[in-house]
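A structural walkthrough
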Amino acid sequence: MVDAKSVAELRAKTGAGMMDCKKALTETNGDMEAAIDYLREKGIAKAAKKESRIAAEGLANVFVSGNKAVILEVNSETDFVSKNEEFTNMIEEIGNTILNSDVTSLEDALNLSTAEGTINDLIVAKTAKIGEKLSLRRIEVVNKSDNEVFGSYLHMGGKIAVLVVLDGASEEVAKDVAMQAAAMRPEYLCEEEVPAERIERERAIFKEQAMNEGKPAEIAEKMVEGRVKKLFKEICLVNQAFIKDGDIDVKTYVQNNGGKVVKAIRFEVGEGMEKRSDNFAEEVMNQIK
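Below or above, wherever it landed, is the structure these notes cover. (Residues numbered from 1 in each chain as written. Predicted model: local features only at pLDDT ≥ 70, side-chain atom pairs only at ≥ 80, totals over all residues. Heavy atoms only, no water.)

Another point: the sheet that holds strand β1 (residues 57-65). Spatial strand order, β1-β2-β5: three strands in an open sheet with antiparallel pairing. With one partner strand each, in any of the chains shown, β1 and β5 (135-143) form the two edges of the open sheet. Strand-to-strand, the axes of this sheet are offset by a mean angle of 10°, without reference to chain direction. Across eight bridges, the pairing between strand β2 (residues 68-76) and β5 is antiparallel. Residue pairing in the sheet places Lys-68 in a bridge with Asn-143 of β5. Of the strands in this sheet, β1, β2 and β5 are in contact with helix α5 (residues 85-99), which crosses β2 at around 145°. (Pairing = 2+ DSSP bridges. Helix = DSSP H or I, 4+ residues; strand = E, 2+ residues; numbered from the N terminus. Axes fitted to C-alpha atoms, helices over the stretch in contact; angles between N-to-C directions. Contact = heavy atoms within 4.5 Å.)

This brings us to the pairing of strand β6 (residues 148-155). Direction of pairing for β6 relative to strand β7 (residues 160-167): antiparallel, over a ladder of eight bridges. Looking at the pairing, Tyr-153 lines up with Val-162 of β7. Here β6 folds back onto β7 in antiparallel fashion, the turn holding four residues, of which Met-156 has a positive phi close to 55°.

Moving on to helix α10 (residues 217-235). Every α-helix winds through 3.6 residues per turn, so residues three or four apart in the chain are directed the same way. With 19 residues, α10 should reach 27 Å at 1.5 Å per residue; the first-to-last C-alpha distance of 27 Å fits that figure. Residues of α10 that are buried include every one of Ala-220, Met-223, Val-224, Val-228, Leu-231, Phe-232 and Ile-235, and no others. Buried residues along α10 sit against α9 (196-212). (Expected span 1.5 Å × (residues − 1). Buried < 20%, exposed > 50% of the residue type's maximum accessible area, 1.4 Å probe, protein only.)

The next subject is helix α8 (residues 171-184). The end-to-end C-alpha distance of α8 is 20 Å, a good match for the 20 Å that 14 residues give at a rise of 1.5 Å each. At its buried positions, α8 is contacted by β6, β7, β8 (241-242), α11 (250-256) and β10 (260-268). Positive backbone phi, at 50°, marks Arg-185, one or two positions downstream of α8.

The element β7 is largely enclosed, with a buried count of seven among its eight residues. Summarising the sheet, β7 and β10 pair through eight bridges and their orientation is antiparallel. Residue pairing across strands places Asp-167 opposite Lys-260, the latter belonging to β10.

Time to look at the packing of α9 against α10. It is the contact of α9 with α10, at a shortest axis distance of 9 Å, that shows an interaxial angle of 130°. Taken together, the axes of α9 and α10 are oblique relative to one another. Of the two possible hands of crossing, α9 and α10 adopt the one that is right-handed. Packed against α9, whose contacting residues are Arg-198, Ile-199, Glu-202, Arg-203, Phe-206, Lys-207, Gln-209, Ala-210 and Met-211, the element α10 presents Ala-217, Ala-220, Glu-221, Met-223, Val-224, Glu-225, Arg-227, Val-228, Leu-231, Phe-232 and Ile-235 at the interface. For the contact of α9 with α10, the class distribution of residues is twelve nonpolar, one polar and seven charged. (Parallel < 35°, antiparallel > 145°, perpendicular 65-115°, else oblique. Left-handed = near helix turned anticlockwise from the far one by under 90°. Nonpolar A, V, L, I, M, F, W, Y, C, P; charged D, E, K, R; others polar.)

All right, on to unusual backbone geometry then. Phi is mostly negative for residues that are not glycine, and the peptide bonds are mostly trans. One non-glycine residue, Met-156, adopts positive backbone phi at about 55°. In this fold, Met-156 is placed in the loop between β6 and β7. Overall, the relative accessible area of 59% leaves Met-156 in the exposed class. Even without being glycine, Arg-185 reaches a positive phi, approximately 50°. Turning to its location among the elements, Arg-185 is positioned in the loop between α8 and α9.

In short, shape yes, function no, at least from these values alone.
Structure below.
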């Protein structure tokens, strides 16, 4: 006979429903550890059913310790879950576990050990408990030298996360650059990072535009170069007008403070992913079912 105290204990340990806990203990003759395994196995079955569902909400975050930092994105199906303490605590555990390891790839990160098995096991368990598909979408691990500084910024509570590395400037300046990247959505760090084929394609478009405006060939060429420079000011972080002083660009701002921008990573939750089309009422009903 399964007693209420054991059911309550199993529920506290796993977060599973009362009836599921009672059934697990019954099936395992009251063995607590076996019952936990039983629920995890059932959780895996539940999680597998959610694999085809769209998870394009969630949170991004940055974890820093000394000369090492990790930026990551963890997805959920609805924005409700991104405010769930279970979900945010899971992200903290994932981030710190990766930070305290030697891994650099997403695949290796999923196999890292946590208190609840691997990170992948942890995500599967939380998927079953929360009731939505959850996934660790991407990570990037960054190491810096002692002369360099990290700057990080989270926008909208983690809908956008930015990590930058500056050489020779202060953390305050680095945070300014991170805020810039969050707000202005640069595609590249500098002109040198823009693929040659992208520049040639843009040049061809600009030239066609100038010719269609009836400009002579030599004037059109000058217009093309001017428009390419303008493009760099839009898509390259160091070329952008600094948001706190539009008279200078980001590169100049950092140089004026004794440094240069080495690296910038910007994660926006769900970028490039298919979004759910459910309306709000349907989302609520789906949570109730």
